[in-house]
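# Remarks on the overall topology
Each chain is listed here by its residues.
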Amino acid sequence: MDVPRTVFTKRNLVWLAVCLSIYFLVFFLRSYGILGNYHEITIAQICINIMLAVSLNLIVGFTGQFSLGHAGFMSIGAYATSLALRSRPDTIGFLIGITIGSVLALVVGVIIGIPTLRLRGDYLGIATLGMAEIIRVVFLNLKITNGAAGLMGTFRAANWTWLYLLTVMAVLAINNFVNSSHGRACISIREDETASEAMGVNTTAYKIIAFAFGAFFAGAAGGLYSSYFYFIKPDLFGFLKSIDMLVIVVLGGLGSITGTIISAILLSLLTTILQDFSSVRMIVYSVILVIIMLFRPQGLMGTVEISHVIDKFARKDKEDANTVS
Amino acid sequence: MLVIEQMDVHYGIIQAIKGISITVNYGEVVSLIGANGAGKTTILRTISGLAKQSGGSITFEGDDITKMAASKRVEAGISHAPEGRRVFPGMSVYENLELGAYLSKDKAKTKKSIEMVFGKFPRLAQREKQMAGTLSGGEQQMLAIGRALMLDPKILLLDEPSMGLAPLLVKEIFNTIKEINSSGTTILLVEQNASQALALADRAYVLETGKIVLSGKGEELLKSDEVRKAYLGG
């Protein structure tokens, strides 16, 4: 449990190197034309799905609050970014939009969280579902959002650099939050809310914090989405979108960031591959989900993170070395 | 130190507690005994702020805490080991204890407290890294008590520490409670196991359907005919 307090530890440098090499690998593959536009769309989808699913995992997996309304927060970020890019079609407009959108999603998260987070389990799920529908209907009826037709021809400011940077930042922020004492408080709510309250954890406050924090990054993901895919309409952010995210989280493992990332990549790739077989696509997709849930009901990773696995091996190596000497 | 006056608690339209007054003095062990559904657990939950009262007041060390949030009451020195143990099953024993000191910012002190708990319950030290959900019932109870002691509380509320434990373990747990009390922590104990609870208690209250029907010194109640008939089996 002894986490070193300095920033430049061996572990952090290794992670930095891994992150940078992934970035440059994709960057060079793009510039040499090995990865085409078609591939880049898949990569964008993966990045956005990772952001959405990791932020949803903070709410559902770590804090244990069942939410079916994540698409609502995403749509707030998406519309804010689209509108900002409308009046200022450049990178600065994009950054302003995505910031406003994320903060707005956070504020809405707090406002909605205060009354609904008193509910538990299925009831909370239904309340959050209703909330996302309200947000969708508001966008459907506002003039500025152009109703059901949606906003088209948004300037594409989001590229691989922005996609990757924001995804890494979101994952890093949520990972650090989860491993802090605040994160521990959130996990204790999932484990046993009554006991956690008896320990002096302000459970209401922490549920709202987790909810708002998750909403913030969902808003950012929505911003990336609207700027990358030119086009948004209220229908895109319906109930099914929230379910999609929940599927990624459950498949990866409730309470594992590593698992969420792996399953976001797998499911995004699966969707892309199956696009050519459109008639059987949903069947294959569903069958794979059923099989995984039957054989690994705790999700791909359970609550295990890749860092735990590495730590375990490192410790084993050390012990082996000790016994030899 | 803890004075409850005319406390009412409602669950929906059902009144679970009907105008109860209880006093706990510094250094005492006070037991609440009574049949199932008498309202024992509800009283503890209301004292720690997990349940809301509809009437009356609670005073702790001279301050009115009737409207205080649960987390603030922990800070004030009221610690609650809830009914049914309620450890965090997916966390290790060590992490459970760390969460017991969640409100403390002093890491060194937390470590010391954990060592203190391990000293009291050596069994927990052996299982330090094990998930709390995989512990036996007795070990979970030890962990729940240990966790409640992490912040060095002024008063410890114990809810049925003997529930579901083998007689030998019950004895052990009660000995530990005695030790905790003799090192200066005041204890309010709720128990089904009336004979053990009365033997340990300085004073006790007997509850029946939300009302106090009898109160007095532990040993006196142990000898009283009414209590013997109702709870001790003749």
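How each quantity is defined
- Residues numbered from 1 in each chain as written.
- Chains lettered and ligands numbered in written order.
- Predicted model: local features only at pLDDT ≥ 70, side-chain atom pairs only at ≥ 80, totals over all residues.
- Heavy atoms only, no water.
- Phe/Tyr/Trp six-rings, centres within 6.5 Å; stacked < 30°, edge-to-face > 60°.
- Helix = DSSP H or I, 4+ residues; strand = E, 2+ residues; numbered from the N terminus.
- Buried < 20%, exposed > 50% of the residue type's maximum accessible area, 1.4 Å probe, protein only.
- Contact = heavy atoms within 4.5 Å.
- Buried area = accessible area lost by both parts, 1.4 Å probe.
- Salt bridge = Lys/Arg side-chain N within 4 Å of Asp/Glu carboxyl O.
- Polar contact = N/O pair within 3.5 Å; in protein donor to acceptor, adjacent residues only side chain to side chain.
- Nonpolar A, V, L, I, M, F, W, Y, C, P; charged D, E, K, R; others polar.
- Pairing = 2+ DSSP bridges.
- Axes fitted to C-alpha atoms, helices over the stretch in contact; angles between N-to-C directions.
- Disulfide = S-S within 2.5 Å.
- Core = buried A, V, L, I, M, F, W, Y, C linked by side-chain atoms within 4.5 Å.
- Parallel < 35°, antiparallel > 145°, perpendicular 65-115°, else oblique.
- Left-handed = near helix turned anticlockwise from the far one by under 90°.
- pLDDT = per-residue confidence, 0-100.
- Expected span 1.5 Å × (residues − 1).
- Right-handed = clockwise from strand over helix to strand, strands pointing away.

### Here we look at the packing of aromatic side chains
All names here are of chain A. Counted under the stated rule, the structure contains 18 aromatic pairs over all chains. Ring geometry for Tyr-23 versus Phe-27: centroids 5.9 Å apart, planes at 25°, classification stacked. Separated by 4 residues within a single helix, Tyr-23 and Phe-27 lie in helix H1 (residues 10–31), roughly one turn from each other. Assessed through its relative accessible area of 15%, Tyr-23 is described here as buried. Measuring from centroid to centroid gives 5.1 Å for Phe-177 and Phe-213, while their planes differ by 50°, and the two rings are tilted.

### A look at the interface of chain A and chain B
Interface size is commonly expressed as the accessible surface area that is lost when the partners come together. With 20 residues of chain A in contact, the opposing surface of chain B contributes 23 residues. For the pair chain A and chain B, the two sides together bury roughly 1800 Å², of which 61% comes from carbon and sulfur. It is Arg-184, Glu-191 and Met-199 of chain A that lose the most area in chain A upon contact with chain B, and together they represent 35% of the buried surface on that side. Where chain A packs against chain B, one counts 2 salt bridges. A salt bridge links Asp-192 of chain A to Arg-86 of chain B, with the nearest nitrogen and oxygen atoms 2.9 Å apart. Taken together, the links from chain A to chain B amount to 4 residue pairs in polar contact (both at pLDDT 80 or more). For the side of chain A that touches chain B, the elements supplying multiple residues, two or more each, are helix H7 (181–191) and helix H8 (193–198) of chain A. Among the residues forming the side of chain A that touches chain B, the class breakdown is 8 nonpolar, 6 polar and 6 charged.

### Quick notes on the sheet that holds strand S4 (residues 55–60) of chain B
All names here are of chain B. Taken in spatial order, the 4 strands make up an open sheet running S2-S1-S4-S5, and their pairing is antiparallel. Bordering the open sheet on either side are strand S2 (14–24) and strand S5 (63–64), each of which pairs with just one other strand. As judged from the 2 bridges shared by S4 and S5, these two strands associate in the antiparallel manner. By the bridge assignment for S5, Phe-60 is matched with Asp-63. Running at roughly 110° to strand S1 (residues 2–11), helix H1 (residues 40–48) makes contact with S1, S2 and S4 of the sheet.

### Some points on the sheet that holds strand S7 (residues 155–159) of chain B
All names here are of chain B. Strand order in this open sheet of 6 strands is S6-S7-S8-S3-S9-S10, and the pairing throughout is mixed. The open sheet terminates on both sides in strands that have one partner only, identified here as strand S6 (78–81) and strand S10 (211–217). Adjacent strand axes in the sheet meet at a mean angle of 15°, parallel and antiparallel pairs treated alike. Sheet analysis places strand S9 (residues 203–208) next to S10, joined by 6 bridges and oriented antiparallel.

### Let's talk about the environment of Tyr-26 of chain B
All names here are of chain B. Looking at where Tyr-26 falls in the secondary structure, it is placed in the loop between S2 and strand S3 (29–34). Along the sequence, Tyr-26 and Arg-86 sit 60 residues apart, while their C-alpha atoms lie 27 Å from each other. Filtering out sequence-adjacent residues up to four positions away, Tyr-26 remains in contact with Met-1, Glu-61 and Thr-186. Here Glu-61 takes part through its side chain, which lies 2.8 Å from a polar atom of the side chain of Tyr-26.

### Side note on the state of the cysteines
All names here are of chain A. Scanning all chains against the criterion turns up 0 disulfides over all chains. Just so you know, Cys-19 is unpaired, no disulfide at all, and the nearest cysteine sulfur is the one on Cys-47, 12 Å from it. On the accessibility criterion, Cys-47 (6% relative accessible area) is buried.

### Details of the nonpolar core
In this structure, Ile-48, Phe-94, Leu-224 and Leu-267 of chain A are the most contacted members of the largest nonpolar core, which totals 90 residues. Discounting chain neighbours no more than four positions away, the residues touching Leu-224 of chain A are Ile-48, Met-51, Phe-94, Ile-98, Ala-158, Trp-162, Leu-163 and Leu-166 of chain A. Membership of the second largest hydrophobic core comes to 43 residues, among which are Ala-148, Ala-197, Val-206 and Leu-214 of chain B.

### Considerations on the packing of helix H2 (residues 37–62) of chain A against helix H9 (residues 203–228) of chain A
Residues and elements named next belong to chain A. Their axes nearest at 7 Å, the elements H2 and H9 cross at an angle of 165°. Here H9 runs roughly antiparallel to H2, going by the angle between their axes. Crossing geometry of H2 relative to H9 is assigned as left-handed. Residues Glu-40, Ile-41, Ala-44, Ile-48, Met-51, Leu-52, Ser-55, Leu-58 and Ile-59 of H2 form the contact with H9, whose participating residues are Ala-210, Phe-211, Phe-213, Gly-214, Phe-217, Ala-218, Ala-220, Ala-221, Leu-224, Tyr-225 and Tyr-228. Looking at the contact of H2 with H9 residue by residue, the class counts come to 17 nonpolar, 2 polar and 1 charged.

### Quick notes on the confidence of the model for chain A
Averaged over all residues, the pLDDT of chain A is 89; the fraction at 70 or higher stands at 97%. Between the elements of chain A, mean pLDDT differs from a low of 74, seen in helix H13 (residues 306–324) of chain A, to a high of 95, seen in H9 of chain A.

### Some thoughts on helix H6 (residues 160–178) of chain A
Side chains three or four residues apart in an α-helix point the same way, a direct result of the helix having 3.6 residues per turn. All names here are of chain A. For H6, with 19 residues, the first-to-last C-alpha span of 27 Å sits near the 27 Å given by 1.5 Å per residue. Every buried residue of H6 is accounted for by Trp-160, Leu-163, Tyr-164, Leu-166, Thr-167, Ala-170, Val-171, Ile-174, Phe-177 and Val-178. If you follow the buried residues of H6, they end up packed against H1, H2, helix H4 (91–116), H7, H9 and helix H11 (257–273).

### Here we look at the pairing of S7 of chain B
All names here are of chain B. Judged by how many residues are buried, S7 sits mostly within the fold: 5 of 5 residues are covered. Burial of S7 is two-sided: the residues Ile-155, Leu-157 and Asp-159 facing one way and the residues Leu-156 and Leu-158 facing the other way are all buried. Pairing between S7 and strand S8 (residues 186–191): 5 bridges, direction parallel. Note that in S8 the partner of Leu-156 across the bridge is Ile-187. Tracing the backbone out of S7, into helix H7 (residues 167–182) and back to the parallel element S8 gives a crossover that is right-handed.

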